[in-house]
Amino acid sequence: MRILHTMLRVGDLDRSLAFYTEVLGMQQLRRQDYPGGRFTLAFVGFGPESEEAALELTHNWDTPTYEIGDGFGHIAIEVADAYAACEQIKTRGGKVVREAGPMKHGTTVIAFVEDPDGYKIELIQKKRCSPAAA
């Protein structure tokens, strides 16, 4: 078994696609309109769905905004350098809501950014193997 995708409902699909592709650097993998149901599904990710998990952006045509649910936490993305990723995201117009640094009560370097609908995306810096562990 493996995770296929995480679904988020978004109010403005074009704005969300611009954020995930232009600010975070994902690719639009596929998109399908469902006129009978008045919704569009767009899938974005860092690689093919056959190899990596994707993010499904669901746009219900008649719903311009959503409340962030109390149970939703965040989407996590691994990055090589969280500090550099935050700078790139800010340069591209993204909103960093927690700058890169060690997590509270730990050593893992993390940061948080927010998408246009207010969803949190955690950036987790990839751990480097120490020479002794290699």
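Residues numbered from 1 in each chain as written. Predicted model: local features only at pLDDT ≥ 70, side-chain atom pairs only at ≥ 80, totals over all residues. Heavy atoms only, no water.

Caption draft 1: Focus on the layout of surface pockets. Each pocket or cavity is described by its volume, and for the largest pocket that value is around 290 Å³. Going through the elements one at a time, β3 (39-45), β4 (54-60) and β5 (75-79) are the ones with two or more residues in the lining of the largest pocket. When residues in the lining of the largest pocket are grouped by element, the largest group, four residues, is from β5. A breakdown of the residues in the lining of the largest pocket according to their chemical character gives 10 nonpolar, two polar and two charged. (1 Å grid on protein atoms, 1.4 Å probe; cavity = no way out; pocket = protein on both sides within 12 Å on 5 of 7 lines; lining within 4 Å. Points joined across faces, edges and corners; volume = space filled by probe spheres on them. Helix = DSSP H or I, 4+ residues; strand = E, 2+ residues; numbered from the N terminus. Nonpolar A, V, L, I, M, F, W, Y, C, P; charged D, E, K, R; others polar.)

Caption draft 2: Main features of helix α2 (residues 82-91). Among the residues making up α2, those that are buried are A82, A85, C86 and I89. When α2 is viewed along its axis, its buried side chains cluster within an angular range of 100 degrees and face the same direction. Elements that come into contact with the buried residues of α2 comprise α1 (13-23), β5, β6 (95-102), β7 (109-114) and β8 (120-125). The backbone nitrogen of Y83 has a side-chain oxygen 2.9 Å away, supplied by the residue at the start of α2, namely D81. Immediately downstream of α2, the backbone of G93 shows phi near 95 degrees, a positive value. (Buried < 20%, exposed > 50% of the residue type's maximum accessible area, 1.4 Å probe, protein only. Arc of directions from axis to C-beta. Contact = heavy atoms within 4.5 Å. Polar contact = N/O pair within 3.5 Å; in protein donor to acceptor, adjacent residues only side chain to side chain.)

Caption draft 3: Seen up close, the packing of aromatic side chains. As enumerated under the stated definition, the model contains three aromatic pairs in all. Relative to F39, the ring of Y34 lies with its centre 4.7 Å away and its plane at 15 degrees, an arrangement referred to as stacked. Taking the relative accessible area as the measure of exposure, F39 reaches 23% and is therefore partly exposed. Both rings, one in F72 and one in Y119, keep their centres 5.2 Å apart while their planes meet at 80 degrees; by these two values the pair is edge-to-face. In this pair, F72 sits in the loop between β4 and β5 while Y119 sits in the loop between β7 and β8, placing the two residues 47 residues apart along the sequence. Looking at F72, the relative accessible area reads 28%, which means it is partly exposed. Under the relative-accessibility criterion, Y119 is labelled buried at 8%. (Phe/Tyr/Trp six-rings, centres within 6.5 Å; stacked < 30°, edge-to-face > 60°.)

From the geometry alone we can't say anything about function, so treat these as descriptive.
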